[in-house]
Amino acid sequence: MNVFVIIYYTLLLGGSCLAAFYNKRSAFLLLFSLTLVSFILGIVGGVGALRLVAICAGLLALSAMVAYAFREFLVAIAPTNLAKELRTAPLTAGFGMFIIFTYAIAGIFAPWIAPFGEAQIISSAFAPPDETMLLGADQLGRDMFSRVIFGARNTVALALAGTVMAFLLGALAGLLAATTGGWFDQILARTSDVIMSIPSLIFALLMLSIFGGELANNTTAFYLLTIFAGVTGLLVVTAVSERSVMGWIIGLAVLGGVSAAFALGMLVIFNPSEIILILVVAVIYSPRVFRLTRAVAGNVVVMDYIEAAKLRGERTWYLIRREILPNSTAPLVAEFGLEFCFVFLLIAGLSFLGLGIQPPTADWGSMVRENATLISFGDVTPLIPAGAIALLTVAINFVVDWMLHRSSGLKG
């Protein structure tokens, strides 16, 4: 019998017996179930199947150890209150936080981590991996490893910017609609229904087709950003000023300057085509945020302490800022994570179709499309950016699941 098979089953059976002897029920069920599964797979697939099971089990064990170590590290450096919360986090959430931290480091320090530039041609097309290029070259001879690293910066940055803008517009509209009610609430609700009735991918393709090409310039991007910032800021002015004429005059004057400054700042960070992509996804996903925020805030608005604040003469902005928002934070933070996943996948999908982040900027979605022919030759290199997309999505969902569990008040 193969030596590997003997050692493999000895370790599994020995671990199962030790777990049973020390009354570790969960560990015993896990190890003995793995033993039974391995026995069946060994009969069907032979030693190769057992090696695959051993590799998968080793990777899971390594991931669990990394998650535990990273969680304990966060507990050690966090303030006392936050440390208590982190200590209750499951290993899946710890693993998710570690992956998010890794992606953040890769995105922030991409120019220093990547050995070559994202558009630098250093070899022939589809050159195999060597000591210089860890993942080989793409269809133009650019280093795949460097482009994967830069893709963390470009893809994640655009998804984060789009999610933040969608959340600002949707959350402000939802909070104001729940607090104000009446015709204002109905107008916002029907507008969100109209936008949500259009499939997100079709809506994105339509908007990118309209504002792409020659319209994707600094002037168009500046005006669109100014309009978006103006609409978002107008919600704040409405809540702050209410019926004060002087408040409206001052608020609108400030809003004009802030909107222009915001548009200029975004043009410094992103190019016009990226800005149009960010605005499109922000418009698509803001109604989802609006409906959730309106529902959560609607449950808070009917509370007695809100009625007491109204009787004291508190204004709308005070109610939103000091009473409603603090009591709606947990589900909104969890929703932010979910929306980021949706936006991230939409941007990657649009880039795969050739309408998202444009070349030569590195992007995981376009990298899958550009190098897909390698799969026909048994090369898994195109699956690496696809795996990067999937890994980040799963990691964020792990963290979001933990936060939703905490906000629900469930124990265990």
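- Going by the annotation in an unreviewed UniProt entry, the name recorded for the protein is ABC-type dipeptide/oligopeptide/nickel transport system, permease component, with Roseovarius lutimaris given as the source organism.
- As its UniProt record puts it under Sequence similarities (unreviewed entry), the protein is described as follows: "Belongs to the binding-protein-dependent transport system permease family."

Considerations on the overall build of the protein
Reasoning step 1: Tallying secondary structure elements over the protein gives 16 helices and zero strands in all.
Reasoning step 2: Along the three orthogonal principal directions, the C-alpha set of the protein runs to about 90 × 60 × 40 Å.
Reasoning step 3: Within the protein, counting contacts between residues at least 6 apart in sequence, those at least 24 apart form 69% of the total.
Reasoning step 4: Accessible surface, the protein: about 21700 Å² in total, of which carbon and sulfur atoms supply 72%.
Reasoning step 5: Where the 22 positive side-chain charges of the protein centre and where its 22 negative ones centre are 11 Å apart.

Things to note about the nonpolar core
Reasoning step 1: Judged by nonpolar contacts, the single largest core of 70 residues is most densely connected at Met165, Phe344, Ile347 and Trp364.
Reasoning step 2: Considering each element in turn, this core owes the most residues, 16 residues, to helix α6 (residues 144-180).
Reasoning step 3: Here Met165 is in contact with Leu225, Phe228, Phe262, Met266, Ile278, Leu279 and Ala282, once residues within four sequence places are set aside.

Concerning helix α4 (residues 91-108)
Reasoning step 1: Its 18 residues place the ends of α4 26 Å apart at the C-alpha level, agreeing with the 26 Å of an ideal helix rising 1.5 Å per residue.
Reasoning step 2: Within the span of α4, buried status applies to Ala93, Gly94, Phe95, Gly96, Met97, Ile99, Tyr103, Ala106 and Gly107.

Concerning α6
Reasoning step 1: Look at α6: 53 Å from first C-alpha to last across 37 residues, which is about the 54 Å you get at 1.5 Å a residue.
Reasoning step 2: Approximately 30° is the largest bend angle found in α6, and it occurs at Gly151.

Digging into the packing of helix α2 (residues 25-77) against α4
Reasoning step 1: For the pair α2 and α4, interaxial distance at closest approach is 8 Å and the crossing angle is 80°. Taken as axis vectors, α2 and α4 run roughly perpendicular relative to one another. Contacts from Ser63, Ala64, Val66, Ala67, Tyr68, Phe70, Arg71 and Leu74 of α2 reach α4 at Leu91, Gly94, Phe95, Met97, Phe98 and Phe101.

Some thoughts on the confidence of the model for the protein
Reasoning step 1: Scored by pLDDT, the protein comes out at a mean of 84, with 98% of its residues at no less than 70.
Reasoning step 2: α4 holds the highest mean pLDDT among the elements of the protein, 90, whereas helix α12 (residues 304-311) holds the lowest, 81.

Quick word on unusual backbone geometry
Reasoning step 1: The phi dihedral of Asn23 falls on the positive side, at around 60°, and the residue is not glycine.
Reasoning step 2: Position of Asn23 among the secondary structure elements: in the loop between α1 (3-21) and α2.
Reasoning step 3: Take Asn23: its relative accessible area is 67%, and that puts it in the exposed class.

Re the packing of aromatic side chains
Reasoning step 1: A full pass over the atoms with the stated rule returns 13 aromatic pairs.
Reasoning step 2: Residues Phe21 and Tyr22 carry aromatic rings whose centres are separated by 5.1 Å and whose planes lie at 90° to one another, so their mutual orientation is edge-to-face.
Reasoning step 3: The exposure class assigned to Phe21 is exposed, which follows from its relative accessible area of 65%.
Reasoning step 4: Accessibility expressed as a relative area gives 56% for Tyr22, which makes it exposed.
Reasoning step 5: Plain terms: the ring middles of Tyr103 and Trp364 are 5.7 Å apart, the flat faces sit at 85° to each other, and that makes the pair edge-to-face. Taken together, the residues span a long stretch of sequence, with Tyr103 in helix α4 and Trp364 in helix α15 (residues 364-370) at a distance of 261 residues. Assigned by exposure class, Tyr103 and Trp364 land together as buried.
Reasoning step 6: An aromatic cluster is built from Phe70, Phe73, Phe98 and Phe101, whose rings are joined through pairwise contacts.

Quick look at the pattern of salt bridges
Reasoning step 1: Applying the stated rule across the entire model yields seven salt bridges.
Reasoning step 2: Measuring nitrogen to oxygen at the nearest pair gives 3.7 Å for the salt bridge that ties Glu370 to Arg142. One end of the pair, Glu370, is in helix α15; the other, Arg142, is in the loop between α5 (110-113) and α6, and 228 residues separate them in sequence.
Reasoning step 3: For Asp193, the salt bridge identified is with Arg291, shortest N-O distance 3.7 Å. Within this pair, whereas Asp193 is found in helix α7 (residues 182-196), its partner Arg291 is found in helix α11 (residues 272-301), the two being separated by 98 residues in sequence.
Reasoning step 4: Residue classification places Arg291 among the partly exposed residues on the basis of a relative accessible area of 46%.

Looking at a nonpolar patch on the surface
Reasoning step 1: On the surface, Phe101, Ile105, Ile108, Phe109, Trp112 and Ile113 cluster together into a nonpolar patch covering about 630 Å² of accessible area.
Reasoning step 2: Those elements that place two or more of their residues in the nonpolar patch are α4 and α5.
Reasoning step 3: For Ile108, a relative accessible area of 51% puts it in the exposed group.

What counts as what
- Residues numbered from 1 in each chain as written.
- Predicted model: local features only at pLDDT ≥ 70, side-chain atom pairs only at ≥ 80, totals over all residues.
- Heavy atoms only, no water.
- UniProt positions renumbered as here; feature names shortened; annotations may be inferred.
- Helix = DSSP H or I, 4+ residues; strand = E, 2+ residues; numbered from the N terminus.
- Contact = heavy atoms within 4.5 Å.
- Areas by Shrake-Rupley, 256 points an atom, 1.4 Å probe, with all protein chains shown as cover.
- Lys, Arg positive; Asp, Glu negative; His and termini not counted.
- Charge placed at Lys NZ, Arg CZ, Asp CG, Glu CD.
- Core = buried A, V, L, I, M, F, W, Y, C linked by side-chain atoms within 4.5 Å.
- Buried < 20%, exposed > 50% of the residue type's maximum accessible area, 1.4 Å probe, protein only.
- Expected span 1.5 Å × (residues − 1).
- Bend = angle between axes of the 7 residues up to and from the residue.
- Axes fitted to C-alpha atoms, helices over the stretch in contact; angles between N-to-C directions.
- Parallel < 35°, antiparallel > 145°, perpendicular 65-115°, else oblique.
- pLDDT = per-residue confidence, 0-100.
- Phe/Tyr/Trp six-rings, centres within 6.5 Å; stacked < 30°, edge-to-face > 60°.
- Salt bridge = Lys/Arg side-chain N within 4 Å of Asp/Glu carboxyl O.
- Patch = residues over 30% accessible without salt bridge, like charges linked within 9 Å, V, L, I, M, F, W, Y side chains within 5 Å.

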